[in-house]
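Breakdown of the fold
The residues making up each chain are set out below.
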Protein chains: 2
Amino acid sequence: MEFEARVLDISAGGRRIVLLSNEAASSLGIHSSDRVQINHKGRRMIAIVNVAGSFPSNQIGLYREIVHELNIKPGEKVDVEYASLPESLRFVRKKIMGERLEEEEIKAIVKDVVEHHLSDAEIAAFLTAMHIRGASMDEIAALSKAMVETGKTINFKRKPILDKHSIGGIPGDKTTILVTPIVAAAGFVIPKTSSRAVTSPAGTADRVECLCPVNLSIEEIIDVVGKTNGCMVWGGALELAPADDIFIQVEYSLGIDPMLLPSIISKKKAMGSTHLVVDIPTGRGAKVKTIGEAHLLAEDFIELGKTLGIQVQCAITFGEQPLGYAVGPALEAREALETIMGGGAKDLRDKATELAGILFGMMGLKDGKHHAEHILKSGKAERKLREIIEAQGGNPKIKPEDIEVGEKSAEVYSNEAGRVLWINNQHIAQITPEAGAPKDKGAGVKLRVKLGDRVKKGDTLFEIYAERSTKLKAALTLAEKLHPIGVGKKWDEQMLIETVPAKTYHPKIFAIER
Amino acid sequence: MEFEARVLDISAGGRRIVLLSNEAASSLGIHSSDRVQINHKGRRMIAIVNVAGSFPSNQIGLYREIVHELNIKPGEKVDVEYASLPESLRFVRKKIMGERLEEEEIKAIVKDVVEHHLSDAEIAAFLTAMHIRGASMDEIAALSKAMVETGKTINFKRKPILDKHSIGGIPGDKTTILVTPIVAAAGFVIPKTSSRAVTSPAGTADRVECLCPVNLSIEEIIDVVGKTNGCMVWGGALELAPADDIFIQVEYSLGIDPMLLPSIISKKKAMGSTHLVVDIPTGRGAKVKTIGEAHLLAEDFIELGKTLGIQVQCAITFGEQPLGYAVGPALEAREALETIMGGGAKDLRDKATELAGILFGMMGLKDGKHHAEHILKSGKAERKLREIIEAQGGNPKIKPEDIEVGEKSAEVYSNEAGRVLWINNQHIAQITPEAGAPKDKGAGVKLRVKLGDRVKKGDTLFEIYAERSTKLKAALTLAEKLHPIGVGKKWDEQMLIETVPAKTYHPKIFAIER
C-alpha cells in the first residue's frame, strides 16, 4: 500500500517506529507492535508500528531516524507492506518459556536489539525472563560475544591489556583514580573506561572529570594510552557493546540487572582486555550481601572470562560503608588526589593497593600489594596520574584545593553518644543527588566518622555540600528523615535490630552503575 | 524548570509521553523512562519521558493526549519537574522477584496501566513475570476486580444475566450465533459481547457483522436486550475492563496470555453476568492440550467466578479440528444461519445445544440439552435470531445465500487415498488471513472433509475463498506448503508420527481471541 510520508521532525531515541492510523493499520492487517516493511527508491527497512488514534489514514508518520536512513522527503509516496515478526522474538518467547537459548538464537536477539528491530516492551520481556529464569554460562558467554560483535572494538596493538572493574554499589568508590596510575606507573597498559552516574551519586567518569576531560574519541584514547600506558575516560559514547546501553535504558525502572556479567565482560573485551580484576564489594548495604554470594559471582566472572579469553581474578571487599570520607564528584576527586599525594583516606589507599597488587600478581610479580604500596609512597603513582591528566587535556599541576566544592554546606550532628554502629550506603547515596550531584559537581556528602568511631553527643557526623541553598536544604531535610548514620551502644548491649509490623514494605533503591 | 511547549500534532496511542532533549533531561536529573510532572495553569499531570537525541533543549514535545488534557497552546511555557517512579512499579518489581501481591498492590498496578502511568516496557515486564511466576487465586480475583473497577459497567436491571464464553483456539467456532438465540428464546437474558479477530481468522463480532451491525453503544445494547432478551455485539469499544485491551496490545507479540482468566471474568462481570458457561476446547491442536489441563483451568474459572459472584460451569469440548466446515466471517455466518434453519453442520448443532443446555441446567431446567434441541428444531431459535438481527439494525429476512462470500475460489485435492487423520487448526487459521480474512469478509476456507472421513485420491479436501486473486494465490501457495489436512492409513498400520532431528524448532503460532 502507498502512503504519503509525513516527516516528524523529532527522533524516536534511535527506535525505528512509524505511525499509522487505525484504518491504515487494519487495511494492512496489522496492529500496534506489528512490523511493516517500508520500501523507498530501492531501499527497504523494517519498522515497528504505533497505531495513533487520530492520524490521517493516507499518511505514514516517520521519525527522523527512518527519514534519514531512507532519505525520504515530506509528502513523497512510500510503499508499506506487512512484515512478519522478527525471528528473534521466537527466541525471546523460548526464554520466557524457560528453555535454554542456543548461541545463534542469542546472537539474533542481540543483533535485533542493536538494530532496533525489537520494541522496548519485547526487550523488557526478555530481560525479565532472563532475570527470573536465569542464564547458563553458555548463554552468558554467547551474550557477551554477541554484545562485543555488535559494537566497536579498540585495538591497542600491545599486550597484555590490564583492567579493573567494580560491580558498584558503594558510595565514594574512587579506587580507579589510584589503581590506574599505580598500574600504569609499573609499566603496564591499563586503558580504563568508566560510566557516568545513572542512579548513583557519582560515576567514575564524573569524578575524573573534575581533574581533566573524559570525553575522548577512540583515536584520542589510543594516543593517550600510547603516551602514558593508561587513561581514565568515559566509555558511554564509544559504542562499545551498545546493546548494553539499550538494556540499561529498558531495565532501569524495573530494578533488575540480569545483564551484569555479560555487560561488564563485553565492554572489557571490546577494549581488548587480557587481564582483569573485578572488585565485589560485599556486605549488608552492598549489592552482594554475603561472602557466599560473592564467591558464586566471582566464579562466574572467572569462568566467563576464560570463555572470552580474559584472565579474571576477583577481590571481595568490605562494602558496609562508603569508601573514604567523600561522596560526590568534586569531593571524591579531591580525596583521591589527596590520597595519591600521601594524605587522604586509609581504606581507599588499602583497597587501591590491594586491587593493583592483584593485577601485579597476575603479571607474575611477587607480593603485588607491597609493590603497589611502594609505587604509591614513592610518588610515582602521583606523577603518572598527572601525566594522564595532562595527556587527556587537564592541568597536570592541579592541587586538591583547586577542585571546587559546593560553597553552601551544613553539618549533621549526633543526638547520642556511643559508637558508629552503621552507615547506610543507600541513604548516603540518596542524600547526595538531593544536594545536586552528579550534575552539580561540587555537591556531596563528607563523612566525619566511619564505622566503629567513638562519638560524643553533638559531634558532627557528616557535612552536606551543595552549590545552591535550595538543594542544600532539600538534602538536609532528607538527611534528617533518613538518619543514615547510627550511633549507639555496642551490639552486645542492645539486641533488638528492628520490629517487623504485620505488613512490611521494602522500598528498595536500585542503582545501576557500569 | 520551564520549557516551551512544542505541540506534536499526533497522538501517542493513549500513552502519556513527552519528549525532552538529552541536555534538558540531564538538567532535570532524569533519563529515558523516568517521569516528569507537568504543571500548567493550575493543572498537573505525570508523563513518561522519551529522551530524543536532537530535540531543542528549551522545548518539551507534547503529544495530543497531554495537550488536550492540560489545554496547552503551542509555544506556551510549561513548568516541568522531576517526578519519582510510580509506586505501582515497586509492586511490578515485587512480582518479578516472585512475591505474592496484595489486593491493594494489584489495584495500584491496574490503575496505573489504565491511566498510562506505566510504560509498555514496564507492562511487558509485569505480564512476563505473571506468566513465569504464575498467580494465586487471590491475585487473579484482585486483578479481575481491579479490571472491572477501572472500566465501565452495564446494568440491565434484570437478573439472572446469562453468558457463554469460549477460550478460543478453534477455527470456525460460530457457536455463539446459535447459543444466544436459543437461550434468549427460552426467556433468559443473554447479552453477548464478542471480540474481533486479532490474530485469528475471524472473531465472533466479525462473523455476526455479516448478519447485522455489531458496533452498538451501551444505550443501544440495553435497548436491544430489553426488546429481545439477547444481543451479539462487539465489546471492544465499550470500555469494559479497558486494562485488558492494553495488556493484549503489549503481550501480543510476546505470545503469552497470563491474563486469560481475569480478562474473561472481568468483562463478564462488567456486563453484570450472574451465570456463565465457559467452553474449553481441548485437544492436540487447541490451546488446552489434555483433559487434565482442561480440568485445572475449569476449576480456576469456577473458583474465580465464585469470588466475583458469578456462577460458572465449564464445558470441555473436542478441539482437534475446526468446528463445522466454514472458516472466515461470511462463510461462517452463512453456515451458522443454515444450521439454525435446520441444515448446516452436525457438530456445530451438537455443541450449541450442549452449551445452551448447561445454562438451562443452571437455571434449574431438567435435561437442558433436550430443551435446547427442541427450541432449535421448533424454529424458535431462528425466529429469535432474526429478532436480534432486526433489533441491531440488520435485515431480519436475510437468507444464507444473501451473505456474500469471495468470488475467487480454488480447491485443494488429496494426493492420497485413505482416512482423514488430522486437520491442523493452526494451519487452517494461517491460511484464512492469507486469503484476506477478517478484513475481506468473504475470504476463508471451506472444508469438504472432517476427521475420519474416507477420501479417494483426487478428492477435494477443502476450498479457499478470496475476494482478490492475488490473495487467493497467496493462500493457495501457503496451503500447499502447510499441508493442513493429513490423509493416510489408519494409525494401527502406520506408527511413525515424526522424526526428530538433532536441532528442533517450534514455530508456534499464537492467537489471542477474547
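Residues numbered from 1 in each chain as written. Chains lettered and ligands numbered in written order. Predicted model: local features only at pLDDT ≥ 70, side-chain atom pairs only at ≥ 80, totals over all residues. Heavy atoms only, no water.

Counting its regular elements, chain A contains 18 helices and 18 strands. Across its three principal axes, chain A shows a C-alpha extent of roughly 75 × 60 × 45 Å. Here chain A contributes 68 positive and 69 negative side-chain charges, whose respective centroids are spaced 3 Å apart. (Helix = DSSP H or I, 4+ residues; strand = E, 2+ residues; numbered from the N terminus. Lys, Arg positive; Asp, Glu negative; His and termini not counted. Charge placed at Lys NZ, Arg CZ, Asp CG, Glu CD.)

Right, let's talk about the relation of the copies chain A and chain B for a bit. One copy of the chain maps onto the other through a rotation about an axis plus a displacement along that axis. Note on the identical chains: chain A maps onto chain B by a rotation of 180 degrees and an axial translation of 0.0 Å, with an RMSD of 0.1 Å. Classification of the inter-copy transformation places it as that of a two-fold axis. When C-alpha distances to the rotation axis are compared across chain A, the minimum falls at Ala121(A), with a value of 2.0 Å. Counting the interface residues of chain A, we find that 98% of their copies in chain B are interface residues as well, pointing to one common contact surface. (Least-squares fit on C-alpha atoms with pLDDT ≥ 70 in both. Contact = heavy atoms within 4.5 Å.)

Taken together, the 55 residues of chain A in the interface contact 55 residues of chain B. Interface area for chain A against chain B, summed over the two sides, is near 4400 Å², with a carbon-plus-sulfur share of 57%. At the junction of chain A and chain B, the tally comes to zero salt bridges. Where chain A packs against chain B, one counts seven residue pairs in polar contact (both at pLDDT 80 or more). Of all elements in the fold, only helix 1 (22–27), strand 4 (43–51), helix 3 (87–96), helix 5 (120–133) and helix 10 (242–251) of chain A reach the threshold of two or more residues within the side of chain A that touches chain B. Class assignment of the residues belonging to the side of chain A that touches chain B gives a composition of 24 nonpolar, 16 polar and 15 charged. (Buried area = accessible area lost by both parts, 1.4 Å probe. Salt bridge = Lys/Arg side-chain N within 4 Å of Asp/Glu carboxyl O. Polar contact = N/O pair within 3.5 Å; in protein donor to acceptor, adjacent residues only side chain to side chain. Nonpolar A, V, L, I, M, F, W, Y, C, P; charged D, E, K, R; others polar.)

Attention now goes to the pattern of salt bridges. The full count for this structure, using the stated rule, is 60 salt bridges over all chains. In this structure, Lys268(B) engages Asp163(B) in a salt bridge whose closest nitrogen and oxygen atoms are separated by 3.3 Å. Residue Lys268(B) is located in helix 11 (residues 260–270), and its partner Asp163(B) is located in strand 7 (residues 162–166); the two are separated by 105 residues in the primary sequence. Several salt bridges converge on common partners, so that one network encompasses Arg196(A), Asp206(A), Glu209(A) and Lys441(A).

The predicted model of chain A averages 91 in pLDDT, with 95% of residues at 70 or higher. The ipTM, which scores confidence in the relative placement of chains, is 0.86 for this predicted complex, and the corresponding pTM is 0.88. (pLDDT = per-residue confidence, 0-100.)

In this section: the sheet that holds strand 16 (residues 454–455) of chain B. Overall, antiparallel pairing links the three strands, which are arranged 16-14-18 (chain B) in an open sheet. Both edges of this open sheet fall to strand 16 and strand 18 (485–488) of chain B, since each of them pairs with a single strand only. (Pairing = 2+ DSSP bridges.)

It is worth spelling out the state of the cysteines at this point. All names here are of chain A. In the structure shown here, the tally under the stated rule is zero disulfides over all chains. Between Cys 212, a cysteine without a disulfide, and Cys 231, which holds the nearest cysteine sulfur, the sulfur-to-sulfur distance is 9.8 Å. Given a relative accessible area of 0%, Cys 231 falls into the buried group. (Disulfide = S-S within 2.5 Å. Buried < 20%, exposed > 50% of the residue type's maximum accessible area, 1.4 Å probe, protein only.)

Residue and element names in this part refer to chain B. Under the defined criterion, the tally for this structure stands at one cavity of 30 Å³ or more. Within this model, the largest cavity holds a volume of roughly 40 Å³. In terms of lining, the largest cavity is formed by Ala 326, Leu 331, Arg 334, Glu 335, Glu 338 and Lys 446. Broken down by element, the lining of the largest cavity gets its largest block of residues, four residues, from helix 13 (residues 329–340). Taken together, the residues that form the lining of the largest cavity break down as two nonpolar, no polar and four charged. (1 Å grid on protein atoms, 1.4 Å probe; cavity = no way out; pocket = protein on both sides within 12 Å on 5 of 7 lines; lining within 4 Å. Points joined across faces, edges and corners; volume = space filled by probe spheres on them.)

Turning next to the pairing of strand 6 (residues 77–83) of chain A. Strand direction decides the pairing type here: strand 1 (residues 2–7) of chain A and strand 6 of chain A, joined by three bridges, are antiparallel. Pairing of Glu4(A) across the sheet is with Lys77(A), part of strand 6 of chain A.

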